[in-house]
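Each chain, letter by letter, is given below.
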Amino acid sequence: MSGKGVVIGITGGMGSGKTTAAGFFEALGFLKLDSDQIIRDDVLLRPEIVAAIREHIGEGVINGRGAISRPALAKVVFSNDDARIWLEDLLHPQVIQAWQDHTTARPEANWVIETPLLYERGLQKWFDFIVCVASSGDLQVSRLELRGVSKDHSRPRIARQLPLARKIAAADFVLLNDGSREFLKEQVVWLAGRWD
């Protein structure tokens, strides 16, 4: 595609297959950003972010190296809505700035940005198109268990997100992921063909 590329936001519930779908887009030539990875590998390592979290949430989420313990932080924020909202307000502007930096550096490229809380944080206007990856609740839980997240932890986390039906209704495109990886890939290939 010549000129300005498209910026696609990929969202969906936890364990729905967002990362897999984004990887298929990347294999087709899209440049990919993973919001969770930006937080993990960049934002949470910044001294000013560590200091703010230590002051607001406490020493219990700081490990022996003086860095953020993500498991400890997750335990706090998924059991305390005020802490979760505060943390999202702290982190999301940093993530959005990272998106801006990357996409403005390569405006001609097609981008796919994986962002779980796209609707929850009102980020719709940032994207040219929004793709929702949808799968059943039982499959989400099963996939999260394979990643080491127990049912007792995954179900409350899923429940805190916007209901999948509302994400589906609001999205420009929906990818169904109750079948095989190949079925998901076929849908991505068809959809990506719109921007060849």
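Attention in this report is confined to the structure presented alongside it. (Residues numbered from 1 in each chain as written. Predicted model: local features only at pLDDT ≥ 70, side-chain atom pairs only at ≥ 80, totals over all residues. Heavy atoms only, no water.)

## Comments concerning the environment of L73
With respect to the helices, strands and loops of the structure, L73 is situated in helix α4 (residues 70-77). Relative accessible area serves as the criterion here: at 5%, L73 is assigned to the buried category. For the pair L73 and G60, spaced 13 residues apart in sequence, the C-alpha separation works out to 8.2 Å. Excluding residues within four positions of it along the chain, L73 makes contact with L44, I53, I57, V61, I68 and L87. (Helix = DSSP H or I, 4+ residues; strand = E, 2+ residues; numbered from the N terminus. Buried < 20%, exposed > 50% of the residue type's maximum accessible area, 1.4 Å probe, protein only. Contact = heavy atoms within 4.5 Å.)

## As for the environment of D36
Along the chain, the position of D36 falls in helix α2 (residues 35-41). In this structure the C-alpha to C-alpha distance between D36 and P116, which are 80 residues apart in sequence, comes to 8.3 Å.

## Topic: the nonpolar core
Counting 30 residues, the largest nonpolar core has L44, I53, L73, W99 and F127 as the members making the most contacts within it. A per-element tally of this core places helix α5 (residues 81-105) first, with 6 residues. One finds V6, I10, L184 and W195 within the second-largest nonpolar core, a separate group that totals 18 residues. (Core = buried A, V, L, I, M, F, W, Y, C linked by side-chain atoms within 4.5 Å.)

## A closer look at the sheet that holds strand β4 (residues 129-134)
Pairing in this open sheet of 5 strands is parallel, and the strands run β2-β3-β1-β4-β5 from one edge to the other. Each end of this open sheet is capped by a strand with a single partner; those strands are β2 (31-34) and β5 (173-176). In this sheet, adjacent strand axes meet at a mean angle of 25° when their direction is disregarded. As defined by bridge partners, strand β1 (residues 7-12) adjoins strand β3 (residues 111-114) across 4 bridges and the pair is classed as parallel. Along β3, the bridge assignment pairs I8 with V112. Docked against the sheet, α5 engages β1, β2 and β3, running at close to 170° with respect to β3. Across the sheet, helix α9 (residues 181-192) touches β4 and β5, and the angle it forms with β5 is around 155°. (Pairing = 2+ DSSP bridges. Axes fitted to C-alpha atoms, helices over the stretch in contact; angles between N-to-C directions.)

## So, α9
Helical geometry: 3.6 residues make up each α-helical turn, so side chains three or four residues apart lie on a common side. Taking 1.5 Å as the rise per residue, α9 with 12 residues should run 16 Å; its terminal C-alpha atoms sit 16 Å apart, in good agreement. Of the residues making up α9, those classed as buried are L184, Q187, V188, L191 and A192. Relative to the axis of α9, the buried residues are bounded by an arc of 125° and lie together on one face. (Expected span 1.5 Å × (residues − 1). Arc of directions from axis to C-beta.)

## Quick notes on the packing of α4 against α5
One can describe the packing of α4 onto α5 by two numbers: an axis separation of 7 Å at closest approach and a directional angle of 125°. For the element pair α4 / α5, the angle class is oblique. Here α4 contributes L73, V76 and V77 to the contact with α5, which in turn contributes A83, R84 and L87. Here the residues of the contact of α4 with α5 are counted per class, giving 5 nonpolar, no polar and 1 charged. (Parallel < 35°, antiparallel > 145°, perpendicular 65-115°, else oblique. Nonpolar A, V, L, I, M, F, W, Y, C, P; charged D, E, K, R; others polar.)

## Some thoughts on the packing of aromatic side chains
A complete count under the given rule lists 8 aromatic pairs for this structure. Aromatic side chains F30 and W195 sit 6.4 Å apart centroid to centroid with 80° between the ring planes, which places their arrangement in the edge-to-face category. In this pair, F30 sits in the loop between α1 (18-27) and β2 while W195 sits in the segment after α9, placing the two residues 165 residues apart along the sequence. Neither residue differs from the other here; F30 and W195 are each classed as buried. (Phe/Tyr/Trp six-rings, centres within 6.5 Å; stacked < 30°, edge-to-face > 60°.)

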